[in-house]
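# Residue-level structure breakdown
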Amino acid sequence: MRPWPALFSLVLGFFMILVDLTIVTVATPTIIDKLHASVNETLWVSSAYMLAYAVPVLIMGRLGDRYGSKNLYLAGLAVFTLASLWCGLAGGITMLIIARVVQGFGASMITPQTMAIITRIFPAAERGKAMAVWGATAGVAMVVGPILGGVLTSSLGWEWIFFVNIPVGVVGFFLAVRNVPALSTNEHQFDWLGVALSGVGLFLLAFGIQQGHSENWAGWIIAMIVGGVVFLAAFVFWQSRNKKEPLVPLSVFRDRNFSVSNVAITVMGFVGVSMGYPLMLWAQAVLGYSATKAALLMFPMAIMSIILAKPVGGLTDRVHPRIIVSTGFVLSIIGMFSLATQLKPDTSIFLVAVFQVILGAGNAFIWAPTAATANRNLPLHLAGAGAGVYNATRQVGSVVGSAAIAVMMSSRLSHYLPGAAAHGEAGAQKITDPHVADLFAKAMQQSLLLPASIYFIGLIAVLLYEAPKHTGYGAAAAPVAAPASD
């Protein structure tokens, strides 16, 4: 078994599916124009992907345990790659949304398998470093998405934000076939009632939150959200009563570090999706930047995340996670609040870059160490369940973040520019009136304070971290799961 080649094969596919969470953000005005779609229809290009990604991801972790993580990963990669081709060839907004649903479903099959396989093939002494690479990949992908989307949209057309996945998916598939081992599976009973309760609950909750803004929080939307909460409560109750094979063994939450990591990664999912909208709309509507130039505002943050990925990864097995991750949240809070002060018509781009560097440094100290700490204490037979829960909470955070920032921007625009919400969502044209541009900038500035404030929840949570049981500076390594015999 060669764990490091397997790791790099897995993170290629993982990087690709996470880039697609944010790559559409900058291309939204172009898609509106080229497909003659409304703003709300085009927002569903992102929403459909996030929903189809979030709802089944919990189930996919357990399916990987049952039928083989490698098999699920390869199947998901094939679905995702073919759906990317479908997205690029879509001639209308409805077809694009349907293709994005299929693409999101493929992504949900991939994500928990990557985390579960890494947890099982690396000895405990090296697991922190390996999971740090996985976590850093997630962090970099979230900020590279808008940059790549802007460059491809401006130079080749919006279709290429999807076509670019095809060669990456093909290469990733063959690398995974060659380098990823086929691990042993668990032949246990499958919790079909848990599948139904969790799937329906997550769908109702996520759909209600995502669609609530455009439907003005109508009664049926509130009913969906309440219904989702009820189904998820019933799911938790059933998991506590199921003495056979629960979909989510609640014992995983007895590990404090796993629970804390889930709070932290939910915060990062929220911030990763929500921060781009006010920043990109301000850059295009107030400064008049092209899609590419607007996206490049996030370049310093991406570069800083890449530069720090390796040194931060090396710290995860040697330094207490509370120290590393709390430092990251403090830096991120400073960077995000400072960045918000620069969203004005006469901004200093130099200061924007400086604060993006601080924000990138903070994110680098969160993504990788949080992923490394999440599953470290869990027994290997719970790797799939733990990975499913961890990725489900991150995706729910992304869905909530997308909906919350839409509500926040609409509220601020309605306050400063009544009737301008539709323009604010599209952001396709530069605002020529200086007074209107100033008010629009204030609305985006105040909107960015929402993800900045959410960082405090993560900071409070990670202060509860305790020293992991299996580290490079403490306990002996746990045994590595043996691959299945051919």
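Note that the coordinates shown come from a computational prediction; the quantities given were computed from them, not determined experimentally.

A word on a nonpolar patch on the surface. Side chains of Trp-217, Ile-222, Val-226, Val-230 and Val-407 sit close together on the surface and give an oily, nonpolar patch of about 400 Å² of accessible area. Residue contributions to the nonpolar patch peak at 3 residues, all from helix H11 (residues 219-241). With respect to the helices and strands, the residue Ile-222 is situated in helix H11. Ile-222 sits in the partly exposed class, given a relative accessible area of 39%.

What follows covers the pattern of salt bridges. Side chains that carry opposite charge are capable of pairing whenever their charged atoms lie near each other. According to the stated counting rule, one finds 2 salt bridges in the structure shown. Residue Asp-20 is joined to Arg-100 by a salt bridge in which the shortest nitrogen-to-oxygen separation is 3.4 Å. Of the two residues, Asp-20 is situated in helix H1 (residues 3-22) and Arg-100 in helix H6 (residues 93-121); the sequence distance between them amounts to 80 residues. For Asp-20, a relative accessible area of 0% translates into the label buried. With its nearest N and O atoms 3.8 Å apart, the salt bridge here joins Lys-442 to Asp-438. Pair noted here: Lys-442 and Asp-438 are both in helix H20 (residues 434-462), with a separation of 4 residues, about one helical turn.

Next up on the list: helix H7 (residues 124-155). When the terminal C-alpha atoms of H7 are compared, their 45 Å separation across 32 residues agrees well with the 46 Å that a helix rising 1.5 Å per residue should span. Residue Val-144 marks the point of greatest curvature in H7, where the axis turns by about 35 degrees; the proline Pro-146 follows within four residues. Of all 32 residues making up H7, 24 are buried, and the element is well covered by its neighbours. Just past H7, the residue Gly-157 takes up positive phi, approximately 115 degrees.

Here the protein is described as being made up of domain 1 (1-180), domain 2 (192-246) and domain 3 (248-466). Computed over C-alpha atoms only, the centres of domain 2 and domain 3 are separated by 25 Å. Carbon and sulfur atoms supply 73% of the area buried between domain 2 and domain 3, which totals about 950 Å² over both sides. Across the domain 2-domain 3 interface, the total number found is 0 salt bridges. In this structure, the connection of domain 2 to domain 3 is made through 2 residue pairs in polar contact (both at pLDDT 80 or more). Where the side of domain 2 that touches domain 3 is concerned, the elements lending two or more residues are helix H10 (192-212) and H11. When its residues are assigned to classes, the side of domain 2 that touches domain 3 shows 7 nonpolar, 4 polar and no charged.

Quick notes on the rules
- Residues numbered from 1 in each chain as written.
- Predicted model: local features only at pLDDT ≥ 70, side-chain atom pairs only at ≥ 80, totals over all residues.
- Heavy atoms only, no water.
- Patch = residues over 30% accessible without salt bridge, like charges linked within 9 Å, V, L, I, M, F, W, Y side chains within 5 Å.
- Areas by Shrake-Rupley, 256 points an atom, 1.4 Å probe, with all protein chains shown as cover.
- Salt bridge = Lys/Arg side-chain N within 4 Å of Asp/Glu carboxyl O.
- Helix = DSSP H or I, 4+ residues; strand = E, 2+ residues; numbered from the N terminus.
- Buried < 20%, exposed > 50% of the residue type's maximum accessible area, 1.4 Å probe, protein only.
- Expected span 1.5 Å × (residues − 1).
- Bend = angle between axes of the 7 residues up to and from the residue.
- Domains from an automatic or database assignment.
- Buried area = accessible area lost by both parts, 1.4 Å probe.
- Polar contact = N/O pair within 3.5 Å; in protein donor to acceptor, adjacent residues only side chain to side chain.
- Nonpolar A, V, L, I, M, F, W, Y, C, P; charged D, E, K, R; others polar.

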